[in-house]
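# Survey of secondary and tertiary structure
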Amino acid sequence: MPRVSEEHLERRKQQILDAAQLCFARKGFHETSMQDVFAESGLSAGAVYRYFKSKNDLIAALAAQTTVQLRAKMDAAINADRLPTPAELVTVIADEVIANSGPDGRVRLAPQAWALALVNPEAGQYVKGAILAMRDRWRAYAERMVEVGWLPADADLDAVAAALVGLLPGFLLQHLIIGDLAAEDLARGVRTLIPYGEHAKHPA
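Here is what the cut-offs are and how they apply
Residues numbered from 1 in each chain as written. Predicted model: local features only at pLDDT ≥ 70, side-chain atom pairs only at ≥ 80, totals over all residues. Heavy atoms only, no water. Salt bridge = Lys/Arg side-chain N within 4 Å of Asp/Glu carboxyl O. 1 Å grid on protein atoms, 1.4 Å probe; cavity = no way out; pocket = protein on both sides within 12 Å on 5 of 7 lines; lining within 4 Å. Points joined across faces, edges and corners; volume = space filled by probe spheres on them. Helix = DSSP H or I, 4+ residues; strand = E, 2+ residues; numbered from the N terminus. Contact = heavy atoms within 4.5 Å. Polar contact = N/O pair within 3.5 Å; in protein donor to acceptor, adjacent residues only side chain to side chain. Phe/Tyr/Trp six-rings, centres within 6.5 Å; stacked < 30°, edge-to-face > 60°. Axes fitted to C-alpha atoms, helices over the stretch in contact; angles between N-to-C directions. Parallel < 35°, antiparallel > 145°, perpendicular 65-115°, else oblique. Left-handed = near helix turned anticlockwise from the far one by under 90°. Nonpolar A, V, L, I, M, F, W, Y, C, P; charged D, E, K, R; others polar.

## Re the pattern of salt bridges
Applying the stated criterion across every chain yields a total of twelve salt bridges. Between K27 and D36 there is a salt bridge whose closest N-O contact spans 2.9 Å.

Listed below in structure tokens is the structure:
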């Protein structure tokens, strides 16, 4: 019997996640059943459960996938020839959040995944991994800030990363629930609090 390729398994996994996202967007997380996901994906219960044991796993995986896109955007900005200021970098992140926070956007699932992580160990592993990956990107940014002289050489980079990673959840919750915060508002606040690079000559 031919061996199933890794690529095929990943495609099947993504097929399930895409179906779950459509179901959650249509009916909401609590009203969506696993049977809905089976029907939308066109797969059997056994095929779906091979990858995801519950709705909790599905929502956590979808939320974690969102950070993959965010990390890619951050990596491109952090590794650019001209290092973005903190305000510029949070604008990149906030724009990506807004672009993926519409009625069917995966970003909307993130707060539900955070809540699940507190009570569900399996969901918690997805969320923990996503948060740690984001924190690593902020640490990489802090390292570059030291290189260009925006932070002192003896700065506690882990502490800087831990502080900066908190900007994203706060912005996301205000954007989704209050609805009065735009990317430029966040950038203006960060520019005031963290003015590094704003009035300095950028490295060539």
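Once the structure has been displayed, the description carries forward.
## Concerning the layout of surface pockets
Estimates place the volume of the largest pocket at around 300 Å³. Around the largest pocket sit 21 residues that line it, and T67, W114, I131, L168 and P169 are the ones nearest its centre. Per-element tally for the lining of the largest pocket: the top contributor is helix α4 (residues 55-78), with six residues.

## A few points about the side chain of Q21
Structurally, Q21 can be placed in helix α1 (residues 6-27). Filtering out sequence-adjacent residues up to four positions away, Q21 remains in contact with L62, D104, G105 and R106.

## Remarks on the environment of L116
Structurally, the position occupied by L116 is in helix α6 (residues 110-119). Look past the residues within four positions of L116 in its chain and what remains in contact with it is F29, N56, I59 and A123.

## Here we look at the environment of T32
Along the chain, T32 turns up in the loop between α1 and α2 (34-41). On a C-alpha basis, the gap between T32 and P195 in space is 45 Å, while along the polypeptide they are 163 residues apart. In this structure, T32 is in contact with C23, F24, K27, V37 and K55, ignoring residues within four places of it in sequence. At 3.2 Å, the side chain of T32 forms a polar contact with the backbone oxygen of C23. Here G28 takes part through its backbone oxygen, which lies 2.7 Å from a polar atom of the side chain of T32.

## So, the packing of aromatic side chains
Any aromatic ring pair is given by two values, namely how distant the centres are and how the planes are angled relative to each other. A complete count under the given rule lists two aromatic pairs for this structure. The interplanar angle of 75° and the centroid separation of 6.0 Å between the aromatic rings of W138 and Y141 together place this pair among those described as edge-to-face. Within this pair, W138 and its partner Y141 are both found in helix α7 (residues 121-147), separated by three residues, close to a single helical turn.

## Remarks on the packing of α7 against helix α8 (residues 157-165)
Contact geometry of α7 with α8 gives a least axis separation of 8 Å together with a crossing angle of 125°. Taken together, the axis directions place α7 and α8 in an arrangement best described as oblique. Where α7 crosses over α8, the handedness of that crossing is right-handed. Residues I131, M134, R135, W138, R139, Y141, A142, E143 and V146 of α7 touch α8, and the partners they reach there are L157, D158, V160, A161, A162, L164 and V165. A breakdown of the residues in the contact of α7 with α8 according to their chemical character gives twelve nonpolar, no polar and four charged.

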